[in-house]
Amino acid sequence: MQDEKLLQTVEEEFTAILLHARDMLIRRAKAVHPDLQAPGYRVLALVIRDDAQQQGVLAEKLRLDKATISRLVQHLESLALVTRTQDPSDGRAQPGLRDPAGP
C-alpha cells in the first residue's frame, strides 16, 4: 500500500511538471507569433538551434511522423518564420531560417 501511495505521488508531481512545461512552450510560442502553437515552436527551436535540416531528421528528433512535420513546416512557412531551401547534397527541400532582412 505504501508503494502505491508513493507511486501516485510521483505520478502527480510528474504530471504537474509536464503541464508546466507545456504551458511554458505555449507562452514562448505566442511570444514569437500569436498564431504559433507549441508543436510548431518545437520545430522552430530545432531549426534555430541546429540550422536547416531535412524534415525526416526533424521527425526523428521530435519523434513525430513526417506528415506531421510537413504540416508544421508549412504552417511555419505561412507565418514567415522559416523558408524551405534546397539541400545542396541531394536537392531535396528542407526547412531553413528565413532571413529577417529578406523579402
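Residues numbered from 1 in each chain as written. Predicted model: local features only at pLDDT ≥ 70, side-chain atom pairs only at ≥ 80, totals over all residues. Heavy atoms only, no water.

Trainee: When you look at the nonpolar core in this model, what are you seeing that I'm missing?
Mentor: Soluble globular proteins: nonpolar side chains tend toward being buried together. One finds Leu36, Val43, Leu58, Ile69 and Leu76 to be the most contacted residues of the largest nonpolar core, which totals 17 residues. Residue assignment for this core shows that the elements contributing at least two residues are α2 (38–50), α3 (55–62) and α4 (66–78). For Leu36, the contacting residues outside a window of four places in its chain are Ala29, Lys30, Tyr41, Leu44, His75, Leu76, Leu79 and Leu81. (Core = buried A, V, L, I, M, F, W, Y, C linked by side-chain atoms within 4.5 Å. Buried < 20%, exposed > 50% of the residue type's maximum accessible area, 1.4 Å probe, protein only. Helix = DSSP H or I, 4+ residues; strand = E, 2+ residues; numbered from the N terminus. Contact = heavy atoms within 4.5 Å.)

Trainee: It is not clear to me how α4 should be interpreted in this structure. Could you clarify?
Mentor: An α-helical segment advances 3.6 residues per turn. Residues three or four places apart therefore align on the same side. End to end, α4 covers 18 Å across 13 residues, agreeing with the expected 18 Å (1.5 Å per residue, within 8%). When we look at burial in α4, the residues that qualify are Thr68, Ile69, Leu72, Val73 and Leu76. Mapping the buried residues of α4 onto a view down its axis gives an arc of 130°, with all of them on the same face. Exposed side of α4, more than 90 degrees from the buried face: Arg71 and Ser78 are the residues found there. One side-chain oxygen at the N-terminal end of α4 lies 3.1 Å from the backbone nitrogen of Ala67; it belongs to Asp65. Taken from the residues just after α4, Ala80 is the one with a positive phi, measuring 65°. (Expected span 1.5 Å × (residues − 1). Arc of directions from axis to C-beta. Polar contact = N/O pair within 3.5 Å; in protein donor to acceptor, adjacent residues only side chain to side chain.)

Trainee: Looking at this model, I keep getting lost on the environment of Leu64. Mind explaining?
Mentor: Checked against the element boundaries, Leu64 lands in the loop between α3 and α4. Considered as a pair, Leu64 and His75 are 11 residues apart in the sequence and their alpha carbons are 16 Å apart. Aside from chain neighbours lying at most four places away, what touches Leu64 is Ala59, Ile69 and Leu72.

Trainee: Even after reading the chapter, I still don't get the pattern of salt bridges, so can you show me in this structure?
Mentor: Working definition: two side chains of opposite charge can pair if their charged atoms are close together. Under the counting rule described, the total for this entry stands at 4 salt bridges. Close ionic contact of Asp23 with Arg22 constitutes a salt bridge, the shortest N to O distance being 4.0 Å. Classification of Asp23 as partly exposed rests on a relative accessible area of 35%. Residue classification places Arg22 among the partly exposed residues on the basis of a relative accessible area of 47%. Each of Arg49, Asp50 and Lys61 takes part in one network of salt bridges that share partners. (Salt bridge = Lys/Arg side-chain N within 4 Å of Asp/Glu carboxyl O.)

Trainee: Looking at this structure, how should I read the confidence of the model for the chain?
Mentor: Regions with low pLDDT should not have their predicted coordinates read in detail. For the chain, the average pLDDT comes to 88, and 91% of its residues sit at 70 or higher. When pLDDT is averaged over each helix and strand of the chain, the minimum, 68, is found for strand β2 (residues 93–97) and the maximum, 96, for helix α1 (residues 2–32). (pLDDT = per-residue confidence, 0-100.)

Trainee: What am I meant to see in unusual backbone geometry here?
Mentor: Residues other than glycine seldom take positive phi values, yet Arg63 does so here, at roughly 55°. The backbone of Ala80 shows a phi angle near 65°, a positive value even though the residue is not glycine. Among the secondary structure elements, Ala80 is positioned in the loop between α4 and β1 (82–86).

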